[in-house]
Amino acid sequence: AQSVTQLDSHVSVSEGTPVLLRCNYSSSYSPSLFWYVQHPNKGLQLLLKYTSAATLVKGINGFEAEFKKSETSFHLTKPSAHMSDAAEYFCVVSDVGSSNTGKLIFGQGTTLQVKP
Amino acid sequence: KAGVTQTPRYLIKTRGQQVTLSCSPISGHRSVSWYQQTPGQGLQFLFEYFSETQRNKGNFPGRFSGRQFSNSRSEMNVSTLELGDSALYLCASSQVGGETQYFGPGTRLLVL
């Protein structure tokens, strides 16, 4: 079975400092991995996705993530946090197999707080 | 292109009632998946529809059901509402299912 574990439930950074949100995955297949962001009272917005084309994936708003198979990790980073980055972030794996179409498996989420 | 739309955005119901939520996918997308989001359980997969057929279902009781129409719009229905059904219900669409999903703003359901 596939799963994702977000290692921190809450991360707090100061504006202008780097952001690191950690995610480990478990998969029997070559996974498709995603990061989504959810601002308060909003739906989920896709930040970036990994589908085996390149291990370093660039997303929107300056975010990027690196797929490391040896460490089964897919950490999300940003060089400089902005106040508008404060939100909930979800690491997600696409469940695969003939009977599991259309199913995403979500981590528990990491709340990013950005202090002025 | 317009994004995924969900109606209504907010609902208040009482225990025992039933509710129907609607989702219109991005134009050209044929797969619609539904998810329930609660503070305790996080985001959980409900079911997925493609070409009017349910292809996949999560671990929810039979009170949760859905359907998809020929124009790919989808509805989900919850019968005999329980307090624990209070949640944000999100739908997502993708072109054929299994790859990148794009989410709507959600319907927030409160059961009293």
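Please refer to the structure placed before this passage.
It should be emphasised that the depicted structure is a prediction, and the values quoted were computed from it without experimental measurement.

**Describing the layout of surface pockets**
Of the volumes computed, that of the largest pocket is approximately 380 Å³. Around the largest pocket sit 19 residues that line it, and Q38, E88 and F90 of chain A together with Q37 and R108 of chain B are the ones nearest its centre. Put simply, the parts of the chain that give the lining of the largest pocket at least two residues each are β10 (87-94) and β12 (110-115) of chain A together with β4 (31-38) and β9 (87-94) of chain B. Looking at the lining of the largest pocket, the element that brings in the most residues is β10 of chain A, giving three residues. For the lining of the largest pocket, a count of residues per class yields seven nonpolar, nine polar and three charged. Considering only enclosed or pocket space, the second largest pocket measures out at about 270 Å³ in volume.

**A word on the environment of L21 of chain A**
All names here are of chain A. Summarising the element assignment, L21 is placed in strand β3 (residues 19-21). Its relative accessible area of 0% is what places L21 among the buried residues. Sequence-wise, L21 and F90 are 69 residues apart; in three dimensions their C-alpha atoms are separated by 9.5 Å. Beyond its immediate sequence surroundings of up to four residues, L21 is in contact with V11, W35, H75, L76, Y89, T110 and L112.

**A few points about the interface of chain B and chain A**
Taken together, the contact between chain B and chain A spans 24 residues of the former and 19 residues of the latter. Taking both partners together, chain B and chain A bury about 1600 Å²; carbon and sulfur atoms supply 49% of that area. Linking chain B with chain A are zero salt bridges. One can count four residue pairs in polar contact (both at pLDDT 80 or more) joining chain B with chain A. Mapped by element, the contributors of at least two residues to the side of chain B that touches chain A are β4, β5 (42-50), β6 (53-57), β9 and β10 (102-103) of chain B. If you tally residues by element for the side of chain B that touches chain A, the top one is β5 of chain B, at four residues. Considered class by class, the residues forming the side of chain B that touches chain A number eight nonpolar, eleven polar and five charged.

**Topic: the state of the cysteines**
On inspection of all chains with the given rule, the structure shows two disulfides over all chains. A disulfide bridge connects C23 of chain A with C91 of chain A, and the sulfur atoms are separated by 2.0 Å. Disulfide C23 of chain A-C91 of chain A: torsion about the S-S bond near -65°, hence left-handed. Of the two residues, C23 of chain A sits in strand β4 (residues 23-26) while C91 of chain A sits in strand β10, which places them 68 residues apart along the sequence. We note that C23 of chain A, like C91 of chain A, is buried. Each sulfur in the disulfide pair C23 of chain B and C91 of chain B lies 1.8 Å from the other. Its S-S torsion of about 65° marks the bond between C23 of chain B and C91 of chain B as right-handed, since a negative value means left-handed. With C23 of chain B in strand β3 (residues 19-24) and C91 of chain B in strand β9, this residue pair connects regions lying 68 residues apart in the sequence. Just as C23 of chain B is buried, C91 of chain B falls in that class too.

Criteria and cut-off values
- Note on numbering: residues in each chain are counted from 1, in written sequence order.
- As a convention, the first chain written is A and the first ligand written is 1, with the rest following in written order.
- The model is predicted, so local features are restricted to residues of pLDDT at least 70 and side-chain atom pairs to those at 80 or more, both for listing and for counting; the totals for chains, interfaces and linings are taken over all residues.
- As a rule here, side-chain values cover all heavy atoms of the structure and leave hydrogens and water aside.
- We place a 1 Å grid over just the protein atoms. Points where a 1.4 Å probe fits but has no way out form a cavity, open points with protein on both sides within 12 Å along at least 5 of 7 lines form a pocket, and any residue with an atom within 4 Å of a point lines it.
- Grid points are joined across faces, edges and corners, and a volume is the space filled by probe spheres set on the points.
- The secondary structure listing takes helices from DSSP runs of H or I that are at least 4 residues long and strands from runs of E that are at least 2 residues long, numbered from the N terminus.
- Residue polarity follows a fixed list, in which Ala, Val, Leu, Ile, Met, Phe, Trp, Tyr, Cys and Pro are nonpolar, Asp, Glu, Lys and Arg are charged, and the others, Gly among them, are polar.
- Remark: exposure states derive from per-residue accessible area (1.4 Å probe, protein chains only) relative to the maximum for the residue type, with buried under 20%, exposed over 50%, and partly exposed in between.
- Here a residue-residue contact requires only that any non-hydrogen atoms of the pair lie within 4.5 Å.
- Note: buried area is the sum, over both parts, of the accessible area (probe 1.4 Å) each one loses when the two are combined.
- Salt bridges are identified by distance alone: a Lys or Arg side-chain nitrogen within 4 Å of an Asp or Glu carboxyl oxygen.
- Whenever two N or O atoms come within 3.5 Å, that pair is a polar contact, provided that in protein one can donate a hydrogen and the other can accept it, and provided that, for residues adjacent in sequence, both atoms are side-chain atoms.
- Whenever a pair of cysteine sulfur atoms sits within 2.5 Å, that pair is classed as a disulfide.

Fair warning: the whole summary comes from geometry, so function is off the table for now.
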